[in-house]
Amino acid sequence: MFDKNNRHINYLRISITDHCNLRCQYCLPETDNSFSNKNDLLNADDIEKIVRATALIGIEKVRITGGEPLIRTDFLEILKRINSVKEIKKIAITTNGFNLLNNLDEFSKNGLNRINISLDSLNSDKYKKITRGGDFEQVMNSIKESSNGNFERIRINVVIMKGINDDEIFDFVNLTRELNIGVRFIELMPIGEGKRFTSMKNLEILDIIKSKYTLERDAVEKTDGPASYYKISNFRGEIGFISPLSNRFCESCNRIRVTSNGFLKLCLHYNQGIDLIPYLRSNTSIETLSEIIKNAIYNKPKEHQMNCNSQDNTIETKRMNEIGG
Ligand code: SAM
């Protein structure tokens, strides 16, 4: 379907939990334990209903995110339910790599096409510090193993923060020499804990990389997301840049989000949307739910206001682990 600004909306991101096994410093506070009770999270039935209802209005791609989606013990069931919706052509996940390694075959068999793995340092001690406890070897093994598997795309999401990991830009670029993966630099957004760190603009990162390598714009222009991609001659992988702040892509935004508590979000940065739980846990038909979602999507905000110091009270205050990134 198209919204009132004529954007083609075909991509749904569902956060299936706000819980996480890690506490990345720019994402979650160290001690706050205000996570949802299990009953307040979307269950597999709810998720299937949302996917069926949104598929009726043109959603073709679903990304499962969190919190950490792979801490859900019913993850495989959720994946199977999404995969049973015939209109869905792509199923993707964003994960920190937890519980991935031993499940790759099962996930691939059940429709998972694309995996994004978040990794903000290639130094094991620093990784542990940023994530407050993460196991670097485990993530790296998951990345290597999944890049040899049956998946269409494996990508690493890196958030570069000044004074924290900005000395590792070339190390990340070098990963694409041998591995057939995409390394994507995502600008830190001033949301929640992210406000405590200094982001690095992607143009700066691009200039640093260009000081050593010739970058070729990836010949295959990806049409399904906001990243710009480049390749280095003879490197197997590619390098991507997602620049929500320095190069807003709202004009081509094709996505909607559902939080782990079943709130349909129309823009990452706004709190506007609809609580879907009453519809999901009543006798509302999929067709009615679909109409309700369609009407909401039509009014999707035109653009985010990050970095505008706006006092607008519709600006989102939820944390990234609820929203799903
Ligand atoms: N646990 C999963 C993971 O680590 O990928 C999925 C959830 S996590 C919230 C999704 C993505 O959001 C991660 O790639 C993380 O780096 C990113 N993220 C969290 N806070 C952010 C911020 N303030 N700005 C930009 N990206 C952020």
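Structure's up top.
A few points on the structure. (Residues numbered from 1 in each chain as written. Predicted model: local features only at pLDDT ≥ 70, side-chain atom pairs only at ≥ 80, totals over all residues. Heavy atoms only, no water.)

### Considering the overall build of the protein chain
And then number 1: Looking only at helices and strands, the protein chain features ten helices and twelve strands.
And then number 2: Since a compact globule built from 325 residues should have a radius of gyration of about 20 Å, the 19 Å found for the protein chain is in line with a globular shape.
And then number 3: Taken over 325 residues, the protein chain has a buried fraction of 55%.
And then number 4: As displayed, the protein chain offers around 14,700 Å² of accessible surface, 44% of which is attributable to carbon and sulfur atoms. (Helix = DSSP H or I, 4+ residues; strand = E, 2+ residues; numbered from the N terminus. Rg over C-alpha atoms; globule rule 2.2 N^0.38 Å. Buried < 20%, exposed > 50% of the residue type's maximum accessible area, 1.4 Å probe, protein only. Areas by Shrake-Rupley, 256 points an atom, 1.4 Å probe, with all protein chains shown as cover.)

### Digging into helix 7 (residues 202–210)
Because each turn of an α-helix spans 3.6 residues, side chains separated by three or four positions in sequence point in the same direction.
And then number 1: For helix 7, every residue scored as buried is listed here: Asn202, Ile205, Leu206 and Ile209. Buried residues of helix 7 fall within an arc of 100° about the axis and therefore sit on the same side.
And then number 2: Contacts from the buried residues of helix 7 go to helix 6 (169–178), strand 6 (182–186), strand 7 (215–217), strand 8 (228–232) and strand 9 (238–242). (Arc of directions from axis to C-beta. Contact = heavy atoms within 4.5 Å.)

### Quick look at the pattern of salt bridges
And then number 1: Taken as a whole, this structure holds 18 salt bridges when the rule is applied.
And then number 2: Across the salt bridge formed by Glu48 and Arg52, the nearest N and O atoms sit 2.9 Å from each other. Of this pair, Glu48 and Arg52 are both found in helix 1 (residues 44–55), four residues apart, which corresponds to roughly one turn of the helix.
And then number 3: With a relative accessible area of 30%, Arg52 lands in the partly exposed category.
And then number 4: For the salt bridge of Lys89 with Glu60, the shortest nitrogen-to-oxygen distance reads 3.5 Å. Taken together, the residues Lys89 in the loop between helix 2 (75–83) and strand 3 (90–95) and Glu60 in the loop between helix 1 and strand 2 (61–65) connect sequence positions 29 residues apart. (Salt bridge = Lys/Arg side-chain N within 4 Å of Asp/Glu carboxyl O.)

### Quick notes on the site of the ligand
And then number 1: Surveying the vicinity of the ligand reveals 20 residues, the closest of which are Tyr26, Gly67, Glu68, Ser118 and Met189.
And then number 2: Backbone polar atom of Gly67 to a nitrogen atom of the ligand: 2.8 Å apart, as the coordinates give it.
And then number 3: Computed on the free molecule, the ligand has an accessible area of 550 Å², of which 94% lies beneath the protein chains in the complex.
And then number 4: For the shell around the ligand, the per-class residue count stands at seven nonpolar, eleven polar and two charged. (Near = heavy atom within 4 Å. Polar contact = N/O pair within 3.5 Å; in protein donor to acceptor, adjacent residues only side chain to side chain. Nonpolar A, V, L, I, M, F, W, Y, C, P; charged D, E, K, R; others polar.)

### Considerations on the sheet that holds strand 8
And then number 1: Taken together, twelve strands build an open sheet; the order of strands is 7-8-9-6-5-4-3-2-1-10-11-12 and the sheet is mixed. At either margin of the open sheet sits one strand with a lone partner, and together these are strand 7 and strand 12 (273–275). Strand-to-strand twist in this sheet, taken as the mean axis angle between neighbours without regard to direction, amounts to 25°.
And then number 2: Of the strand pairs in this sheet, strand 3 and strand 4 (residues 114–118) are connected by four bridges, and their pairing is parallel. (Pairing = 2+ DSSP bridges. Axes fitted to C-alpha atoms, helices over the stretch in contact; angles between N-to-C directions.)

### Thoughts on the side chain of Ser147
And then number 1: Positionally, Ser147 belongs in helix 5 (residues 136–147).
And then number 2: For Ser147, a relative accessible area of 17% puts it in the buried group.
And then number 3: A distance of 2.9 Å separates a polar atom in the side chain of Ser147 from the backbone oxygen of Lys144.

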